[in-house]
Amino acid sequence: MNRRSLRSRLTLLVTVAVAVAIAVCAGACWLIVADNLNRQVNRSLLAEGPKPPRRDDLAICSATGDNPPPGEGLRPFLPPIQLVYADGRRCVLGRDAVVLTPADMAIAAGGGRTVRDGVTDEGEAVRVKVEQVAPGVAVMQSRSLEEMYATLTTLAWILLGVSAVGVVGAASAGLLISRTALRPVGRLTEAVEHIAQTEDLATRIPVSGTDEIARLSTSFNAMTAALAGSRDRQRRLIADAGHELRTPLTSLRTNIELLLRSEDTGRALRPEAKRRLLADVKAQFEELSALVGDLLQLSRPEEDHEPGEEIAFHEVVRAAVARARLRAPGVTVEEDLAAWYATAHAASLERAVVNLLDNAVKFSPRGGTVEVRLRAGRLTVRDHGPGVPPEDLPYVFDRFWRSPAARSLPGSGLGLAIVAQAVRDAGGEVGVDNAPGGGACAWITLPGSPAPSS
Ligand code: ADP
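Computed from a predicted structure; not experimentally measured.

Caption draft 1: Molecular detail of the site of the ligand. Around the ligand sit 18 residues, and of these Asn359, Lys362, Asp383, Ser403 and Leu416 come closest. In the model, a nitrogen atom of the ligand is placed 2.8 Å from a nitrogen or oxygen of the Asp383 side chain. Residue Leu416 places a main-chain N or O atom 2.8 Å away from an oxygen atom belonging to the ligand. Relative to its free-state accessible area of 540 Å², the ligand is covered by the protein chains to the extent of 94%. When contributions to the shell around the ligand are tallied by element, the ones reaching two or more residues are helix H8 (346-363) and helix H9 (415-425). With three residues, H8 is the largest single contributor of residues to the shell around the ligand. Across the shell around the ligand, the residue classes break down as eight nonpolar, seven polar and three charged.

Structure, rendered in structure tokens:
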């Protein structure tokens with residue numbers, strides 16, 4: 001069944017459904033008509049009422065015994081009627097003599113009335129009414145059923161013919177319906193196959209109407225657009241990462257070439273120049289490993305981005321401030337932290353706060369102050385540096401984005417992207433604004449409570 005095409009399955013389904021419906025209707029129709037005809041025969045038999053045999057009939061019967069001859073030529077025109085005696089004799093008074101059963105004799109003997117199916121002496125099917133009319137005598141009246149059977153047979157043939165025509169019609173309609181219904185599916189399949197073959201994610205499936213196929217096409221278009229976007233972002237990330245890695249690698253190579261050349265030519269560098277070169281090499285290595293670390297952090301698989309356990313956010317911030325203070329002796333970092341408990345990964349959150357503090361310190365003037373404040377789950381890191389130009393605000397969280405003014409400062413442009421990812425994983429929000437009195441104010445809000453939950 002599964003190997004058949006969808007079209008033939010649909011056609012078969014429609015045909016079978018219509019055929020079953022027609023069969024049920026035809027069957028019901030035949031049964032109702034048969035029941036009605038049966039009732040009609042019974043009604044007409046019962047409506048007739050028992051015909052008490054006339055005295056001369058009885059006389060004839062008792063005179064002639066079983067089969068009296070009531071003038072042979074007249075018999076076919078008489079009503080189908082006969083008498084039955086308790087001892088099993090019968091006296092046929094009209095046409096169509098009916099074969100007796102023990103039940104008829106029982107009625108003749110014991111009384112009562114019944115309507116049953118029977119046969120005539122000639123084998124014709126009849127419906128018989130047997131009714132006691134005098135002690136030991138019952139009257140049997142019959143109706144031929146041949147006509148009714150003939151009507152029912154004709155009806156059955158007519159219904160069969162109509163059903164056959166209906167099934168053929170249903171099969172053709174099914175074929176037509178499945179062709180029309182599956183045409184858009186065919187178009188969709190072609191488009192999907194084209195995309196699968198060419199990997200051309202820019203292909204869009206034309207959408208018309210609002211039916212299921214249109215919805216499927218719209219969803220498919222949305223999916224390819226999302227896939228194309230993700231592929232573009234991935235390409236850009238690789239290109240940007242390559243570009244960012246090239247700068248420290250180029251200066252590293254230059255410095256190492258200088259050192260090698262002095263070795264090769266035997267012209268020794270002055271000790272302080274050599275030391276400066278080596279210090280540069282070390283700094284470039286550090287920059288490289290920081291960049292690689294940032295990239296690894298950002299490319300963690302999605303399943304690692306789950307919320308962690310309950311942590312004391314104020315403690316995380318305090319630890320980050322202590323680290324920032326060590327790295328920025330020229331800048332004062334003031335902290336004002338109210339307790340806040342949130343669900344997050346402590347290490348990635350600390351790294352996020354350190355990134356914010358590093359930026360604040362980096363952009364602070366010498367001897368400046370950075371104010372770190374935590375109130376009701378909202379952390380603000382405010383510096384007194386140049387702030388972020390308003391036109392740059394939408395980009396600061398983009399990977400590798402750095403303002404033109406910040407290009408000369410250390411950094412890769414990944415710091416805030418890492419912050420955004422860590423805060424998003426913890427279910428919080430993050431932003432950078434310009435503070436009213438000048439300087440930038442970065443903030444993080446985390447869902448949680450001022451007291452631990454357990
Ligand atoms: P980087 O590693 O270069 O600091 P970030 O992602 O942390 O990268 O920051 C991106 C850019 O946002 C920075 O290059 C800078 O232009 C801007 N920025 C971030 N923090 C501040 C701040 N406190 N003051 C001014 N500009 C900032």
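There's more to say after this.
Caption draft 2: Highlighting the packing of helix H4 (residues 146-198) against helix H5 (residues 212-265). Remark: H4 packs on H5, axes separated minimally by 10 Å, with the N-to-C direction vectors making an angle of 10°. With respect to their mutual orientation, H4 and H5 come out roughly parallel. Across the interface between the two elements, Pro184, Val185, Leu188, Val192 and Ile195 of H4 pack against Ile213, Leu216, Ser217, Phe220 and Thr224 of H5. Residue composition of the contact of H4 with H5, grouped by class: eight nonpolar, two polar and no charged.

Caption draft 3: Seen up close, the pairing of strand S5 (residues 137-144). A large share of S5 lies buried, amounting to six of its eight residues. Note: strand S1 (residues 81-85) against S5, five bridges, orientation antiparallel. By the bridge assignment, Tyr85 is partnered in S5 with Val137. With eight bridges connecting them, strand S4 (residues 125-134) and S5 associate as antiparallel partners. Bridging across to S5, Arg127 finds its partner in Arg143.

Caption draft 4: Just H8, in detail. The terminal C-alpha atoms of H8, which comprises 18 residues, lie 26 Å apart, in line with the 26 Å expected from a rise of 1.5 Å per residue. For H8, the full list of buried residues reads Ser348, Leu349, Glu350, Ala352, Val353, Val354, Asn355, Leu356, Leu357, Ala360 and Val361.

Caption draft 5: Highlighting the layout of surface pockets. One number sums up the size of the second largest pocket: a volume of about 470 Å³. In terms of lining, the second largest pocket is formed by 15 residues, of which the most central are Arg233, Gln234, Arg236, Leu237 and Arg399. Residue assignment for the lining of the second largest pocket shows that the elements contributing at least two residues are H5 and H9. In terms of residue count, the dominant contributor to the lining of the second largest pocket is H5 (six residues). Its residues placed into classes, the lining of the second largest pocket shows six nonpolar, three polar and six charged.

Caption draft 6: A look at the packing of H8 against H9. Where H8 meets H9, the closest approach of the two axes is 9 Å, and the angle between their N-to-C directions is 145°. Along this stretch, H8 crosses H9, giving a crossing that reads as left-handed. Between H8 and H9, the contacting residues are Ser348, Arg351, Ala352, Asn355, Leu356 and Asn359 on the first element and Gly415, Leu416, Ile418, Val419 and Ala422 on the second. The residue makeup of the contact of H8 with H9, split by class, is six nonpolar, four polar and one charged.

Caption draft 7: Local environment of the side chain of Asn221. For Asn221, the location among the structural elements is in helix H5. Note on Asn221: relative accessible area 12%, which makes it buried. Residues contacting Asn221, with those up to four places away along its chain left out, are Arg204, Ile205 and Val207.

Caption draft 8: Layout of the sheet that holds strand S6 (residues 309-312). Overall, antiparallel pairing links the three strands, which are arranged S6-S8-S13 in an open sheet. Of all the strands in the sheet, the pair left with one neighbour each is S6 and strand S13 (448-449). Of the pairings in the sheet, the one linking S6 to strand S8 (residues 341-344) comprises four bridges and is antiparallel in character. Bridging from a neighbouring strand, Glu310 pairs with Thr343 of S8. Of the strands in this sheet, S6 and S8 are in contact with helix H7 (residues 313-327), which crosses S6 at around 55°.

Caption draft 9: Fine view of the pattern of salt bridges. Counted according to the given criterion, the structure contains 15 salt bridges. Residues Arg323 and Glu350 are paired through a salt bridge, measuring 3.0 Å at the closest nitrogen-oxygen approach. Taken together, the residues Arg323 in helix H7 and Glu350 in helix H8 connect sequence positions 27 residues apart. Ionic contacts of the salt-bridge type, sharing partners, join the residues Glu315, Arg318 and Glu335 into one network.

Thresholds applied
- Residues numbered from 1 in each chain as written.
- Predicted model: local features only at pLDDT ≥ 70, side-chain atom pairs only at ≥ 80, totals over all residues.
- Heavy atoms only, no water.
- Near = heavy atom within 4 Å.
- Polar contact = N/O pair within 3.5 Å; in protein donor to acceptor, adjacent residues only side chain to side chain.
- Areas by Shrake-Rupley, 256 points an atom, 1.4 Å probe, with all protein chains shown as cover.
- Helix = DSSP H or I, 4+ residues; strand = E, 2+ residues; numbered from the N terminus.
- Nonpolar A, V, L, I, M, F, W, Y, C, P; charged D, E, K, R; others polar.
- Axes fitted to C-alpha atoms, helices over the stretch in contact; angles between N-to-C directions.
- Parallel < 35°, antiparallel > 145°, perpendicular 65-115°, else oblique.
- Contact = heavy atoms within 4.5 Å.
- Buried < 20%, exposed > 50% of the residue type's maximum accessible area, 1.4 Å probe, protein only.
- Pairing = 2+ DSSP bridges.
- Expected span 1.5 Å × (residues − 1).
- 1 Å grid on protein atoms, 1.4 Å probe; cavity = no way out; pocket = protein on both sides within 12 Å on 5 of 7 lines; lining within 4 Å.
- Points joined across faces, edges and corners; volume = space filled by probe spheres on them.
- Left-handed = near helix turned anticlockwise from the far one by under 90°.
- Salt bridge = Lys/Arg side-chain N within 4 Å of Asp/Glu carboxyl O.

Read these as spatial facts, not as claims about activity.
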